[in-house]
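Residues per chain, in single letters:
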Amino acid sequence: MSPSFSRMTWPALTRRLADVLTSLRDGDYLVISQRASNYYVQIAAAGGIGWFAEAVSNTYIETPTALLTVDEYETLKAMGWQRANALPPELVEDDDTDAPRTGSPNFNAHWAPNASTAAIAHMLMRTLREVYRVPAPADLEYSAFVGSGPQIALPTLGLRRQRTQR
């Protein structure tokens, strides 16, 4: 029997996520978000190419008081995320203000197809817990889908499924 939403621990959720990742097929997406904000991490299974993940940056954080700080940008980079192309003004060097931005507006990471799903799950959960300050797994929900196709139910993840459509 799965633990109730309100009693799941971070280690338990991390293990469940690692197991769920092994079941995703090429083209499947999983988004885990905090219900009270628009903090999220998302991952896509890309078959023989590997895994692609994103963690939200200030570009998509809607509440001004929830914006990430320079220290949080640096923490995400230290965790292994590639820096988002939209930087807080404090991180833009004076001679770089007009430089074109390439890459993703969100933090992103890539793994080989045979990467450890436990390591991927650990990075995603650590990001939610330590950078986005999500208090507990009970504050999270998920959405999973096949590209632009149907939603996917992942009951073994142990999180509430997002109620609104993408």
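Presented here is an overview of the structure given in this document. All of these numbers come straight from a predicted model, not from anything done at the bench.

Observations regarding the packing of helix 1 (residues 10-23) against helix 3 (residues 117-131)
Between helix 1 and helix 3, the least distance of the axes is 8 Å, while the angle of their chain directions is 135°. One element, helix 1, and the other, helix 3, form an angle in the oblique class. Crossing handedness for the pair helix 1 and helix 3: right-handed. Residues Trp 10, Leu 13, Thr 14, Leu 17, Ala 18, Leu 21 and Thr 22 of helix 1 form the contact with helix 3, whose participating residues are Thr 117, Ala 118, Ile 120, Ala 121, His 122, Leu 124, Met 125, Leu 128 and Arg 129.

Examining the pattern of salt bridges
All told, the structure shown has four salt bridges when counted by the stated rule. For Arg 126, the salt bridge goes to Glu 130, with nearest N and O atoms at 3.0 Å. Here Arg 126 and its partner Glu 130 are both found in helix 3, four residues apart, which amounts to about one turn of the helix. By relative accessible area, Arg 126 is classed as partly exposed at 30%. We classify Glu 130 as partly exposed; its relative accessible area is 40%.

Considerations on the sheet that holds strand 5 (residues 140-146)
Taken in spatial order, the six strands line up as 4-3-2-1-5-6 in an open sheet, and their pairing is mixed. Each end of this open sheet is capped by a strand with a single partner; those strands are strand 4 (107-111) and strand 6 (160-161). Across five bridges, strand 1 (residues 28-34) lies against strand 2 (residues 40-45) in antiparallel orientation. Residue pairing for strand 2: Ile 32 is matched across the bridge by Val 41.

Each value, and the rule that gives it
One numbering rule holds for all chains: residues counted from 1, following each sequence as written. Note on the predicted model: pLDDT of at least 70 is required for a residue's local features to be given, and 80 or more for side-chain atom pairs to be given and counted; whole-chain, interface and lining totals, by contrast, use all residues. Hydrogens and waters are ignored; side-chain quantities use all the structure's heavy atoms. Only the stretch in contact is used when a helix axis is fitted, and all axes are lines through C-alpha atoms; the angle between N-to-C directions ranges over 0 to 180 degrees. Strands here mean DSSP runs of E at least two residues long; helices mean DSSP runs of H or I at least four residues long; both are numbered from the N terminus. Every angle not falling under 35 degrees, over 145, or within 65 to 115 is termed oblique; those three ranges are roughly parallel, roughly antiparallel and roughly perpendicular. For any pair of crossing helices, the crossing counts as left-handed if the nearer helix is rotated counterclockwise from the farther one by less than a right angle, and right-handed if it is rotated clockwise. When checking whether two residues touch, look at their non-hydrogen atoms; a contact exists if any pair is within 4.5 Å. For salt bridges, the criterion is a side-chain nitrogen of Lys or Arg within 4 Å of an Asp or Glu carboxyl oxygen. Using a 1.4 Å probe on the protein chains alone, a residue whose accessible area is under 20% of its type maximum counts as buried, one over 50% counts as exposed, and one in between counts as partly exposed. Pairs of strands are assigned from DSSP output, requiring at least two bridges between the strands.

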